[in-house]
Amino acid sequence: MTQAQLEALLQRFTDRLAEALVAEPFDLRVGHQVGAELVESHIASAEGLGRTVEVVQLRLLRDLGLVGADVEDRLARLLATVATGYARALRGRTLDEQESIRRAAMVARAQAERALRDSEARFRHQATHDPLTDLPNRTLFTERLAAAIDVPGRGADRVGVCFLDLDRFKVVNDSLGHQVGDRLLVSVADRLRRALDEHLVARLGGDEFVILVERTAGTDDVVKVAEAALAAVSEPALVDGHELTVSASIGIVERPVAGTTPVDLMRAADATLHWAKAAGGARWSLYDADRNRRELARYALSAAIPAALERGEFYLDYQPLTSLCDGTVLGAEALVRWRHPALGELRPDSFIGLAEETGLIVPLGGWVLAEACREAATWSGPGGAAPFVSVNLAVRQVHRPDLVHLVRAVLDRTGLPPERLQLEVTESTMMSAVEEPVRALRVLADLGVRIAIDDFGTGYCNLAYLRDLPVTELKVAGDFVAGLRAPADDPTSRTDERILASLVSLAHALDLTVTAEGVETAGQADRLRAIGCDAAQGWHFGRPAPPPPSWST
């Protein structure tokens, strides 16, 4: 308030006090009112009020020209009520202000608590939900799965998990970009959310999703969920002008909650998902404990290969390749064996496939090549014609850019002449669209190394292309030779014999020798000899075994 407004207000209070002094009857309420209004007007403090009362008491009666004990008594009483009114009003205002402050504090506290709860809820949501799709993430899914399993009094309950992964999603990212891939994931998430609104659908990361099916009555309940998920995913999606259709693979696990854990369930679902992927995708696979045990045993076996190489647990047996003309041993195929400390002696079919899948075939095959050449360098034969050694090369080995260098180094280190080494490769390797493996084999053939096509007739060899390959020998697959065990007048046997005769004729036209694999009887050997086959390999001529003493120098 301005100075003029303040002076006017004080003048008004003074006039009211002056009127009250002479009024009849004398009314002390005016003093209370003036004191209260001073507080309401915020123009007096306790010290200021005392000074004001003192000034009024000294000058009011004199300025008004009033005298007499009665007037002085009235003024004293009136000023006392002003002080009383002021004190009461000030106390009341203080209490009101305190109440206002208390209420404001309560409101502020409530707002702060609400803001804290909202903030915690936001942080909780961010911590438990995928930022791209807004689906629950791995953290929330694990919590819900643990809660579904660890429920007191529900030990008889069952639970199911569907582990879903999009097929060939990487193609979308690589060809259309990650932005399109992300929008496709959002579309898939929305469709799964709508199709499976009764179940918890979570995104674990990348293109992996997982579905929790609680309180199942059996595997059929989870299979229905999986089929609904596959149908939802397969719906075409329009993303940035691209109509995209994707499929998914699902691993299904369904079991009683008793005796299981979230880790066990997810591990089983993950393994089962890989089965669905391996079967071609766009399908679901159901967990099989026996199969899983076999898979784990296979994994453990493959993981043990590097250490087994270091410990010298592998060794070689040799199976002779015998001439059908005079019965002499022309060569011997090196066949790797594994003296496993726990499983005993293992044949190649127990671990070669694993080594090829994991890439361990490269170090293992390198050891076989080096060991076979080392041992063959010590062999001798009649008239100095020692048998050659035949070594299988896996596809990964043939595609190595340093294959020629590796073979040369082994030959130099062992002293084995190149013409006494035969490398066996598959038809698919020779027919590869990649020129480099064939070029490498040509270089080795020029060095004098023999090149043979193994299991000929089971692949897709282009016969016209065969003439241009650096091949010296065809090893005919035992599937054709097996038919020769039947009587010669058997229709199937006659067909196999004609096929073999044609292959032998073709090979001879290309200046190639032919070795028949899987010869187990003398009758087979006689029929092969009759159609002009050059050599044979099989139990009839010798089982895989260490090289005989007669080969040693």
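Preceding block: the structure.
Residues numbered from 1 in each chain as written. Predicted model: local features only at pLDDT ≥ 70, side-chain atom pairs only at ≥ 80, totals over all residues. Heavy atoms only, no water.

*Asks:* Would you explain the overall build of the chain in this entry?
*Replies:* Helix and strand content of the chain: 21 helices and 16 strands. Here the chain holds 553 residues, and the buried ones make up 43% of them. Taking the intrachain contacts of the chain between residues at least 6 apart in sequence as the baseline, contacts between residues at least 24 apart amount to 68%. When the accessible surface of the chain is summed, it comes to about 28600 Å², and 53% of that surface belongs to carbon and sulfur atoms. (Helix = DSSP H or I, 4+ residues; strand = E, 2+ residues; numbered from the N terminus. Buried < 20%, exposed > 50% of the residue type's maximum accessible area, 1.4 Å probe, protein only. Contact = heavy atoms within 4.5 Å. Areas by Shrake-Rupley, 256 points an atom, 1.4 Å probe, with all protein chains shown as cover.)

*Asks:* Would you mind going over the packing of aromatic side chains with me for this structure?
*Replies:* Where two aromatic rings form a pair, the distance of their centres and the angle of their planes describe that pair. By the definition in use, this model includes 7 aromatic pairs. Note on Trp 338 and Phe 351: the rings are 5.5 Å apart at their centroids and 90 degrees apart in plane angle, and the pair reads as edge-to-face. Of the two residues, Trp 338 sits in strand S9 (residues 329-340) while Phe 351 sits in helix H12 (residues 348-358), which places them 13 residues apart along the sequence. Across this residue pair, the class does not change: Trp 338 and Phe 351 are buried. Taken together, the ring pairs connect Phe 314, Trp 338, Phe 351 and Trp 367 into an aromatic cluster. A cation sits over an aromatic face here: Arg 339 above Tyr 315, 3.8 Å from the ring centre. Stacked on the ring of Phe 388, the Lys or Arg Arg 450 has its end atom at 4.2 Å from the ring centre. (Phe/Tyr/Trp six-rings, centres within 6.5 Å; stacked < 30°, edge-to-face > 60°. Lys NZ or Arg CZ within 6 Å of the ring centre and 35° of its normal.)

*Asks:* Just checking my understanding: could you explain the side chain of Ser 285 for this structure?
*Replies:* Turning to its location among the elements, Ser 285 is positioned in strand S7 (residues 283-286). In this structure, Ser 285 is in contact with Ile 250, Gly 251, Ile 252, Thr 272, Trp 275 and Ala 276, ignoring residues within four places of it in sequence.

*Asks:* Looking at this structure, I do not really get the pairing of strand S8 (residues 314-323). What am I missing?
*Replies:* Strand residues, when the strand is regular, have side chains that alternate between the two faces of the sheet. In terms of burial, S8 is a largely internal element, 10 of the 10 residues being buried. Of the two faces of S8, the one holding Phe 314, Leu 316, Tyr 318, Pro 320 and Thr 322 and the one holding Tyr 315, Asp 317, Gln 319, Leu 321 and Ser 323 are both buried throughout. Relative to S9, S8 is paired through 9 bridges, and the arrangement is antiparallel. Bridge pairing in S9 links Gln 319 to Glu 333. Taking the residues that link successive antiparallel strands as the turn, the S8-S9 hairpin has 5 residues, and the phi of Gly 327 there is positive, at about 80 degrees. In this structure, S8 lies alongside strand S16 (residues 535-537), joined through 2 bridges in antiparallel fashion. By the bridge assignment for S16, Ser 323 is matched with Ala 535. (Pairing = 2+ DSSP bridges.)

*Asks:* Can you help me understand the pattern of salt bridges in this one?
*Replies:* Pairing of side chains with opposite charge becomes possible as their charged atoms draw close. In total, this model carries 27 salt bridges according to the counting rule given. Here Lys 277 ties to Asp 167 by a salt bridge, and the two come within 3.0 Å at their closest N and O atoms. Of this pair, Lys 277 sits in helix H9 (residues 262-278) while Asp 167 sits in the loop between strand S1 (158-166) and helix H6 (169-176); the two residues are 110 residues apart in sequence, bridging distant segments of the chain. Judged by its relative accessible area of 29%, Lys 277 falls in the partly exposed class. Glu 333 is the partner of Lys 475 in a salt bridge, and the nearest nitrogen-oxygen pair spans 3.0 Å. Here Lys 475 is found in strand S14 (residues 473-476), whereas its partner Glu 333 is found in strand S9, with 142 residues between them in sequence. Exposure remark for Lys 475: the relative accessible area of 0% places this residue in the buried category. Connected through shared salt-bridge partners, Glu 333, Glu 424, Lys 475 and Glu 517 make up one network. (Salt bridge = Lys/Arg side-chain N within 4 Å of Asp/Glu carboxyl O.)

*Asks:* Quick question: what am I supposed to make of the sheet that holds S1 here?
*Replies:* Whether parallel or antiparallel, the strands of a sheet pair through hydrogen bonds between backbone atoms. Read across the sheet, 5 strands follow the order S2-S3-S1-S6-S7 without closing on themselves; strand pairing throughout is mixed. At either end of the open sheet lies a strand with only one pairing partner, and these are strand S2 (200-205) and S7. When the angles between neighbouring strand axes are averaged without regard to direction, this sheet yields 20 degrees. For strand S6 (residues 248-256) and S7, the ladder comprises 4 bridges, and the chain directions are parallel. Within the sheet, the bridge partner assigned to Ile 250 lies in S7 and is Trp 284. (Axes fitted to C-alpha atoms, helices over the stretch in contact; angles between N-to-C directions.)

*Asks:* Is there a simple way to think about the pairing of S6 in this case?
*Replies:* For S6, a buried count of 8 out of 9 residues is recorded, marking the element as mostly surrounded by other parts of the structure. Pairing analysis gives 9 bridges linking S1 to S6, with the strands arranged antiparallel. By the bridge assignment for S6, Phe 163 is matched with Gly 251. Taking the sense of rotation as the criterion, the β-α-β connection linking S6, H9 and S7 turns out left-handed. (Right-handed = clockwise from strand over helix to strand, strands pointing away.)

*Asks:* How should I be thinking about the nonpolar core in this particular structure?
*Replies:* Generally speaking, a soluble globular protein has its nonpolar side chains buried in company with each other. Ranked by size, the top nonpolar core spans 75 residues in total, and within it Phe 314, Trp 338, Val 389, Val 391, Leu 421, Leu 423 and Leu 528 carry the most contacts. It is helix H13 (residues 361-376) that provides the largest number of residues to this core, a total of 9 residues. Ignoring anything within four residues of it in the chain, the contact list for Leu 423 reads Leu 369, Val 391, Leu 393, Val 407, Leu 444, Val 449, Arg 450, Ile 451 and Ala 452. (Core = buried A, V, L, I, M, F, W, Y, C linked by side-chain atoms within 4.5 Å.)

*Asks:* Explain the packing of helix H5 (residues 138-149) against H9 to me, please; I cannot follow it from the model alone.
*Replies:* The geometry of a pair of packed helices is captured by two quantities: the angle between their axes and the separation between those axes. Between H5 and H9, the least distance of the axes is 9 Å, while the angle of their chain directions is 115 degrees. Contacts from Phe 141, Leu 145, Ala 146 and Ile 149 in H5 reach Pro 262, Leu 265 and Met 266 in H9.

*Asks:* Even after reading the chapter, I still don't get the layout of surface pockets, so can you show me in this structure?
*Replies:* Here the idea is plain: a probe the size of a water molecule rolls over the atoms and shows the empty space left. Roughly 930 Å³ of volume is contained in the largest pocket. Glu 333, Leu 335, Pro 348, Asn 392 and Asp 454 are the residues nearest the centre of the largest pocket, which is lined by 38 residues in total. The set of elements that each furnish at least two residues to the lining of the largest pocket consists of S9, H12, H13, strand S11 (388-392), helix H14 (395-398), strand S12 (421-426), strand S13 (450-456) and helix H19 (478-482). By residue number, the principal contributor to the lining of the largest pocket is S9, which donates 5 residues. (1 Å grid on protein atoms, 1.4 Å probe; cavity = no way out; pocket = protein on both sides within 12 Å on 5 of 7 lines; lining within 4 Å. Points joined across faces, edges and corners; volume = space filled by probe spheres on them.)

*Asks:* In this structure, what is going on with unusual backbone geometry? I would like to understand it.
*Replies:* Generally, phi is negative for residues other than glycine and the peptide bonds are trans, each holding for most cases. At Asp 240, a residue that is not glycine, the phi angle is positive and equals roughly 50 degrees. Its location among the elements puts Asp 240 in the loop between strand S4 (237-239) and strand S5 (242-244). The residue Ala 282 is not glycine, and still its phi comes out positive at about 55 degrees. Among the structural elements, Ala 282 can be located in the loop between H9 and S7.

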